[in-house]
Amino acid sequence: MVKNKPIPVKVNLTPKEIRMVRKLLGREPTYVEWGMFDIMWSEHCSYKSSKPILKKLPTSSPKVLVGPGYDSGIVDVGDGMAVAFKVESHNHPSAIEPYNGAATGIGGIVRDILATGARPILLIDPLRFGKLETGRTKWLFRYVVKGIGDYGNCIGVPTVAGEVEFDESFETNCLVNVACYGLVRKDKIFLARFDKPGDILVLIGGATGRDGIHGVTFASKTISEESEEDRPAVQIGDPFTKKLLIEAVLEVLETGYVDGVKDLGGGGLTCTTSEMAAKGGTGVEIILDNLHVREEGMNPYELMLSESQERMLLAVNPEGLSKVLGVLEKYEIPYSIIGKVTDSGKLIVKFKDEIVASIPPKYLAEAPTIKRKAKKPLNLEKLWRIKKPKEPKNFSEILYKLVSTPNIACKEWVYQQYDHEVGVRTILKPGDSDAAVLRIIETGKAIAVKADCNSRHSYLDPFNGGAGALAEASRNVVCVGAEPLAYTDCCNFGNPEKPEVFWQFKRGVEGLAYMSRKLRIPCVGGNVSFYNEDSESKIAVKPSLVVVILGLIENLDGLVTAAHDCSKGGLAIALALMAIKGKLGVKVDLSKIPTSKPIRMDELLFSESHSRIILTTSTKENAKQILKIANKKGAPANLVGKVTDDDNFTLTFDGRKIVECSVTQMERFWKETIPKALEVR
Amino acid sequence: MTQTFIVEVIIENKPAARDPEGETIHKDLILKGGYENVKSVRTGKYLKFLVEAEDEKHAEKIVFDLCNALRIYNPVVHTHKILVKGG
């Protein structure tokens, strides 16, 4: 038997995958081809573990224009307009270089939205860090927020919402998720595919360098000490070039001569060309000598795998090429003509008059899936049977303590660094309400957006955690008067090769799918980030299935003066936050709270049961009408108390005082926690 | 006996990493100003410390350690150079 030659480059494929590659091609691949398979069959690019599970999510509704499978989900918001939105994780780069890691995360997601033809109008950033006690966490927290602020502010896209969670499981692996929403006319939507042989390929934006080679294979491994030393150079964000790129791309698409467009992200040129050709059922020919490069002497392997930032690929109708290039020159956007769309059904790469790769694109784009084992973690039953603590005595003291915990405390320090008003669409800003609200100036309607996840719930019960994330996100947009239309999800988990981790993922997605069906809110896209695990301590992050939602407000008036859902810290915290934000007192009779069975006082106050909303309204008549509506819809509801024009936060039970706090005192604790921890102000 | 040393630290992005600031200065200022013979510009950060220490080596170590402990640069993206000048 003839032994296979050793592969001339380092690949991360399994022995089985290596055999498959050889069998598919029917020959020994070149080193460039090995690199291309390596990157495209990595977990990050191929979703090989997650794809079979993600299929369980419902993905269609009459409003969904583009669902999963493309870069962004696109949803009809009426009057000829559509919203494109997507979420992505940038966990691994941010964990080693928080400033540029977070900044380039935004850069990537903005390009994805841009590639649909949409103008990016808002950003959301769900963040997770270790306990706000160690120097490392403070460093990561500070610079991730600064990276988001600097980059978002420079490109003129407002950051309007987000969430921050602190938990020791995120100590080495912070989670930095970024979501972008864009607005596009329904008849001007672009898809990332090559449909027309003969189209000219124009690579635009940043020059190609050696940075970030194998960034995706890096994201498909756990962070180790080795990666401290030997890791790929992290990308440097360049927001001002990005701003020019946004304007140039939107103008280029207006010319009518662009047939396909996609950004270059993880997997670089290999990923973009193979996916676009596979979708269109066409072929591609690339001449690597033509690329505009930043470094001399780059070889074809490096050119095909580079993940240099700020690049996009256009498929241009040859008739309009000069017009398209004219626009690029006007904005001083560097470009190179790198090849063409063909009908060969092959991705052919040439370098110095030699063919260095020749692969049918779908071999690259459709990696074999892996059926991972899923096993319920052993300690879970134990955690479920944990004994309830003794009922505490002084609830006022507990309330003061709870408002001061970093997870509940005011996140003003974060969002004050973001420009949330640029673009003049913002109606409700971060901190104002449960979800952010932005005007669709073009139609007079508004959209409501929010991201939610409770990683502790997910850890204890992944199914209900996944379901709960969607329940909470939809509640939050409902609280500002919006109807939830669709969502996208960002799954952040540990190493999927561990059956316990894969079980968490599987159950999380199943829970999400369940809630999605029940609420009839479809999933239009998503992102999966695995390997968020410290290689030394073997601690995986708490499973974090983040739901990023889109709601539509047709009519901005209503009966309700304020609405807030009960989430972290339950009813007592929801009431406290409403009092703090309104700078008004509250008097509530807890015996009026609808419960399914008699429960302990601490549970009544702090239970995080889902699907509960506190409403306020201006008159008794309105309140009666609200109760009538709730009754008709079969939702338990009751009049529980009133807002008072003083500083007293009073909760009673049948006349017995349970909590008596000062609103200003609670506000002080709530506001000072994070600045204090970071030693600012 | 301690002496006072001047310790200079120069921090740059790694050679393989981009430097958007330098690129912009090069493209929009220098080349547009007609200095065609300038082939590239890299920016960086320069810090000058006055340090009391027993000797040069010790002075350098104090600054090196504090740069690491306080994350004045990030070895993942930056290179650093430390120069000590006599007391």
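The coordinates are above.
Note that the coordinates shown come from a computational prediction; the quantities given were computed from them, not determined experimentally.

K.L.:
Is there a simple way to explain the overall build of chain B in this structure?
P.N.:
Looking only at helices and strands, one finds 2 helices and 3 strands in chain B. In chain B, the succession of helices and strands from N to C terminus is β-α-β-α-β. In terms of C-alpha radius of gyration, chain B reaches 17 Å, well past the compact-globule figure of 12 Å for 87 residues. With respect to the three principal axes, the spread of C-alpha positions in chain B is 55 × 25 × 15 Å. In chain B, which comprises 87 residues, the share counted as buried stands at 16%. The contacts of chain B with a sequence gap of at least 6 include a subset with a gap of at least 24, amounting to 70%.

K.L.:
Would you mind showing me how to read the sheet that holds strand E1 (residues 64-66) of chain A here?
P.N.:
Two strands in a sheet stick together by hydrogen bonds in their backbones, pointing the same way (parallel) or opposite ways (antiparallel). Residue and element names in this part refer to chain A. One open sheet accounts for 6 strands, arranged E1-E2-E3-E6-E4-E5; its pairing is mixed. The open sheet has two free edges, formed respectively by E1 and strand E5 (159-166), since each of these has just one partner strand. The average angle at which neighbouring strand axes cross in this sheet is 25°, direction not considered. Bridge analysis of strand E2 (residues 73-78) against strand E3 (residues 81-89) gives 5 bridges, and the strand direction is antiparallel. Bridging across to E3, Gly 78 finds its partner in Met 81. Those strands touched by helix H7 (residues 135-155) are strand E4 (119-129), E5 and strand E6 (175-185), and its axis lies near 180° from that of E4.

K.L.:
Whenever I open this one, the sheet that holds strand E14 (residues 426-428) of chain A confuses me. Can you help?
P.N.:
All names here are of chain A. An order of E14-E15-E16-E19-E17-E18 is seen for the 6 strands of this open sheet, with the pairing classed as mixed. Edge positions in the sheet fall to E14 and strand E18 (523-529), since each has one partner strand and no second. Recorded for the sheet is a direction-independent mean angle of 25° between the axes of neighbouring strands. Strand direction decides the pairing type here: strand E16 (residues 445-452) and strand E19 (residues 544-553), joined by 7 bridges, are antiparallel. Paired with Ala 451 across the bridge in E19 is Val 548. In this fold helix H19 (residues 462-478) packs onto E16, strand E17 (483-492) and E19, with an angle of close to 25° to the strand it touches most, E19. Across the sheet, helix H20 (residues 499-519) lies against E17, E18 and E19, angled at about 180° from E17, the strand it touches most.

K.L.:
What's the story with the environment of Pro 499 of chain A in this structure? I'm lost.
P.N.:
All names here are of chain A. For Pro 499, the location among the structural elements is in helix H20. On the basis of neighbour count, Pro 499 is assigned to the partly exposed category, with 15 C-beta atoms found within 10 Å. Separated by 437 residues in the primary sequence, Pro 499 and Pro 62 place their C-alpha atoms 37 Å from one another. Ignoring sequence-local partners within four residues, the contact set of Pro 499 consists of Lys 373, Ala 374 and Lys 375.

K.L.:
For this particular structure, what's the right way to read the interface of chain B and chain A?
P.N.:
Where interface size is given, it is often the accessible area lost as the parts come together that is meant. In this assembly, 10 residues from chain B lie in contact with 13 residues from chain A. A breakdown of the residues in the side of chain B that touches chain A according to their chemical character gives 5 nonpolar, 2 polar and 3 charged.

Rules used throughout
Residues numbered from 1 in each chain as written. Chains lettered and ligands numbered in written order. Predicted model: local features only at pLDDT ≥ 70, side-chain atom pairs only at ≥ 80, totals over all residues. Helix = DSSP H or I, 4+ residues; strand = E, 2+ residues; numbered from the N terminus. Rg over C-alpha atoms; globule rule 2.2 N^0.38 Å. Buried ≥ 20, exposed ≤ 12 C-beta atoms within 10 Å, placed from the backbone. Contact = placed C-beta atoms within 7 Å. Pairing = 2+ DSSP bridges. Axes fitted to C-alpha atoms, helices over the stretch in contact; angles between N-to-C directions. Nonpolar A, V, L, I, M, F, W, Y, C, P; charged D, E, K, R; others polar.

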